[in-house]
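Residues per chain, in single letters:
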Amino acid sequence: GAGVSQTPSNKVTEKGKYVELRCDPISGHTALYWYRQSLGQGPEFLIYFQGTGAADDSGLPNDRFFAVRPEGSVSTLKIQRTERGDSAVYLCASSLKGTGYNEQFFGPGTRLTVL
Amino acid sequence: GQQLNQSPQSMFIQEGEDVSMNCTSSSIFNTWLWYKQDPGEGPVLLIALYKAGELTSNGRLTAQFGITRKDSFLNISASIPSDVGIYFCAGPPIFSGGSNYKLTFGKGTLLTVNP
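## A closer look at the interface of chain B and chain A
Reasoning step 1: Counting from both sides, the interface comprises 17 residues of chain B and, opposite them, 20 residues of chain A.
Reasoning step 2: Here chain B meets chain A over a buried area of about 1,600 Å², counting both sides, of which 56% is carbon and sulfur.
Reasoning step 3: For the interface between chain B and chain A, the tally reads 1 salt bridge.
Reasoning step 4: Counting every contact that joins chain B to chain A gives 7 residue pairs in polar contact (both at pLDDT 80 or more).
Reasoning step 5: In terms of residue count, the dominant contributor to the side of chain B that touches chain A is strand β4 (residues 32-37) of chain B (3 residues).
Reasoning step 6: Taken together, the residues of the side of chain B that touches chain A sort by class into 9 nonpolar, 5 polar and 3 charged.

The structure is reproduced here in structure tokens:
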């Protein structure tokens, strides 16, 4: 079956612009996660959705970052007034549910470059 | 934030050799996970460990959950060229309480296999 998909695969933008990154989770997965991976680092947790609600957004670095999942499936990560330090690969993952430990399946990521 | 220390940072080996890498933390983990990431892809789960002392194999891969619950190792036997990639340890630290979804990743070990 289809895995987690993310679009676009690459996004180049200018400092100060607004960007949206999209994630399509595996069908039937109720839990969805966003991570950010900087060069030479492991992924860092940003936010977790259980269904439509953001159950834990403690990893979002500041209020320029926001994510939604209005129908409990597709999610969009939104970054306002982008800064060069936002450049990274943004990974999305999904799992059957969020309670207990459930294997998280990762998408290929969106590489964001802020010039 | 929580740090997972992986060593070595990189390894260059000949095809057919065995490989060993490890991961340590100052905090106790409930679950230890080992992921592999290929260029342009998201991490893929290789092995999951759920209790102290557990030794688990997946083909040529073997991983162990340390007795102290603060470390884990991954061994790869008889390496082949497709083993090339970045290997990450990860897990939800015990201080995260019920947040078993909030994975902390190490910085990774880059493995290069010369044919």
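## Observations regarding the sheet that holds strand β3 (residues 19-24) of chain A
Residues and elements named next belong to chain A.
Reasoning step 1: Spatially, β1-β3-β8-β7 is the arrangement adopted by the 4 strands of the open sheet, whose pairing is antiparallel. Bordering the open sheet on either side are β1 (5-7) and β7 (65-68), each of which pairs with just one other strand. The average undirected angle you get between the axes of adjacent strands in this sheet is 15°.
Reasoning step 2: Here 4 bridges tie β7 to strand β8 (residues 75-79), and the two strands are oriented antiparallel to one another. The residue of β8 that forms the bridge with Ala67 is Leu77.

## A look at the nonpolar core
Taken as a class, soluble globular proteins show a tendency for nonpolar side chains to be buried jointly.
Reasoning step 1: Counting 21 residues, the largest nonpolar core has Trp32(B), Trp34(B), Leu74(B) and Leu111(B) as its most contacted members.
Reasoning step 2: Listing elements by their share of this core, those giving two or more residues are β2 (10-14), β3 (19-25), β4, β5 (44-49), β7 (61-65), β8 (71-76), β9 (85-91) and β11 (109-114) of chain B.
Reasoning step 3: Formed by 20 residues, the second largest nonpolar core is a distinct cluster that contains Val4(A), Trp34(A), Ala88(A) and Cys92(A).

## Let's talk about the sheet that holds strand β1 (residues 4-7) of chain B
Residue and element names in this part refer to chain B.
Reasoning step 1: Strands sit in the order β1-β3-β8-β7-β6 across an open sheet of 5 strands; the sheet is antiparallel. Across the chains shown, the open sheet's two edge strands, defined by having one partner strand only, are β1 and β6 (55-58). Neighbour to neighbour, the strand axes of the sheet diverge by 15° on average, direction disregarded.
Reasoning step 2: By the bridge criterion, 4 bridges tie β6 to β7 in an arrangement that is antiparallel. Paired with Thr56 across the bridge in β7 is Ala63.

## Regarding the packing of aromatic side chains
Reasoning step 1: Inspection of the entire model under this criterion finds 12 aromatic pairs over all chains.
Reasoning step 2: Between Tyr35(B) and Phe105(B), the aromatic rings sit 5.4 Å apart at their centres with planes inclined by 45°, giving tilted as the arrangement. Of this pair, Tyr35(B) sits in strand β4 while Phe105(B) is found in strand β10 (residues 104-105), placing the two residues 70 residues apart along the sequence.
Reasoning step 3: A relative accessible area of 0% places Tyr35(B) in the buried class.
Reasoning step 4: Among the residues examined, Phe105(B) registers a relative accessible area of 9% and is labelled buried.
Reasoning step 5: An aromatic cluster is built from Tyr33(A), Tyr35(A), Phe45(A), Tyr48(A), Phe106(A), Tyr35(B), Phe88(B), Tyr101(B) and Phe105(B), whose rings are joined through pairwise contacts.

## Points about the state of the cysteines
Reasoning step 1: Summed over the entire model, instances satisfying the criterion amount to 2 disulfides over all chains.
Reasoning step 2: The disulfide bridge from Cys23(A) ends at Cys92(A), spanning 1.9 Å between sulfur atoms. Here the disulfide of Cys23(A) and Cys92(A) is left-handed, its torsion about the S-S bond being about -65°. Of the two residues, Cys23(A) sits in strand β3 while Cys92(A) sits in strand β9 (residues 88-95), which places them 69 residues apart along the sequence. Neither Cys23(A) nor Cys92(A) differs from the other in exposure class; each is buried.
Reasoning step 3: Note that Cys23(B) is cross-linked by a disulfide to Cys89(B), the S-S spacing being 1.9 Å. Taking the sign of the S-S torsion, 55° for the link of Cys23(B) and Cys89(B), the bridge is right-handed. In this pair, Cys23(B) is assigned in strand β3 and Cys89(B) in strand β9, connecting sequence segments 66 residues apart.

## Quick word on the side chain of Gln37(A)
Reasoning step 1: Structurally, Gln37(A) can be placed in strand β4 (residues 31-37).
Reasoning step 2: Note on Gln37(A): relative accessible area 10%, which makes it buried.
Reasoning step 3: Discounting chain neighbours no more than four positions away, the residues touching Gln37(A) are Gly42(A), Pro43(A), Ala88(A), Val89(A), Leu91(A), Gln37(B) and Phe88(B).

Rules of the game
Residues numbered from 1 in each chain as written. Chains lettered and ligands numbered in written order. Predicted model: local features only at pLDDT ≥ 70, side-chain atom pairs only at ≥ 80, totals over all residues. Heavy atoms only, no water. Contact = heavy atoms within 4.5 Å. Buried area = accessible area lost by both parts, 1.4 Å probe. Salt bridge = Lys/Arg side-chain N within 4 Å of Asp/Glu carboxyl O. Polar contact = N/O pair within 3.5 Å; in protein donor to acceptor, adjacent residues only side chain to side chain. Helix = DSSP H or I, 4+ residues; strand = E, 2+ residues; numbered from the N terminus. Nonpolar A, V, L, I, M, F, W, Y, C, P; charged D, E, K, R; others polar. Pairing = 2+ DSSP bridges. Axes fitted to C-alpha atoms, helices over the stretch in contact; angles between N-to-C directions. Core = buried A, V, L, I, M, F, W, Y, C linked by side-chain atoms within 4.5 Å. Buried < 20%, exposed > 50% of the residue type's maximum accessible area, 1.4 Å probe, protein only. Phe/Tyr/Trp six-rings, centres within 6.5 Å; stacked < 30°, edge-to-face > 60°. Disulfide = S-S within 2.5 Å.

Take it as geometry only, folks, not as evidence of what the structure does.
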